[in-house]
Amino acid sequence: FMRLDQTFDGWPIYILYAHFSQVLVEAGQHVEGGELIGLAGATGFTTGPHVHLEVRIGENDPRYTRNPELWLKPREGTGTLAGRLVNPLGNYIHERTISLYKGDRLVRQTRTYASAAVNPDEGWGENFVFWEVPPGRYTIRAALGTETHLGSAEVVDNRTALVTFTTLGMPATVTPSPTAPSSP
């Protein structure tokens, strides 16, 4: 992990990289932005070579993670779409599919955050993100059982847009409970 020199609202920022095939820096070494610190690999629990990135705010602990897509500058010609899917009381709805459409064409899908896996950023309050989206007008669909919520958002080059869905209420799921046989 690395502790950045800068802070966020006075809180330390920790960056964790995982799955390197080779680490190119030493513990305690000061590094500058753009400096090569390791090589992508497939070490640990992974399905293929990549670099895993985590951003943690305040403590170097998995309970303090933030979505790194909100901390990375998107490539030239793309923007970021952050969103909230909440119930009428403002509580986050976890692990639901969110689809991004350009016209009738499905561009990308993601899921809202699992309840303890990633924390919403204090500034955005999001529970899903689409990163590096080409600029333009998009339709967002949130499927919740029998309910489908539609919204639209404009993605702007090198900016982050925010969309919020407030559900009408989650459809009830009824699980029949076993009944005791009636007595004669």
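Structure's up top.
Residues numbered from 1 in each chain as written. Predicted model: local features only at pLDDT ≥ 70, side-chain atom pairs only at ≥ 80, totals over all residues. Heavy atoms only, no water.

Asks: I would appreciate a short explanation of unusual backbone geometry in the present structure.
Replies: Of all residues except glycine, most have a negative phi; of all peptide bonds, most are trans. The phi dihedral of E95 is positive, around 55°, even though this residue is not glycine. By relative accessible area, E95 is classed as partly exposed at 44%. (Buried < 20%, exposed > 50% of the residue type's maximum accessible area, 1.4 Å probe, protein only.)

Asks: Can you help me understand the sheet that holds strand 8 (residues 97-102) in this one?
Replies: Strand pairing in a sheet takes place through backbone hydrogen bonds and is either antiparallel or parallel in direction. On the basis of which strands lie adjacent, the open sheet formed by 4 strands has the order 9-8-11-12 and antiparallel pairing. The sheet is open, and its two borders are formed by strand 9 (105-111) and strand 12 (147-155), each paired with just one other strand. Across the sheet, the axes of successive neighbouring strands diverge by a mean angle of 25°, strand direction being ignored. Across 6 bridges, the pairing between strand 8 and strand 9 is antiparallel. Bridge pairing links K102 to R105 in strand 9. (Pairing = 2+ DSSP bridges. Helix = DSSP H or I, 4+ residues; strand = E, 2+ residues; numbered from the N terminus. Axes fitted to C-alpha atoms, helices over the stretch in contact; angles between N-to-C directions.)

Asks: What's the story with the environment of L53 in this structure? I'm lost.
Replies: Here L53 lies in strand 5 (residues 52-57). Residues L53 and I93, 40 residues apart in the sequence, show an inter-C-alpha distance of 24 Å. Excluding residues that lie within four positions of it along the chain, L53 makes contacts with I15, L16, Y17, P68 and L72. (Contact = heavy atoms within 4.5 Å.)

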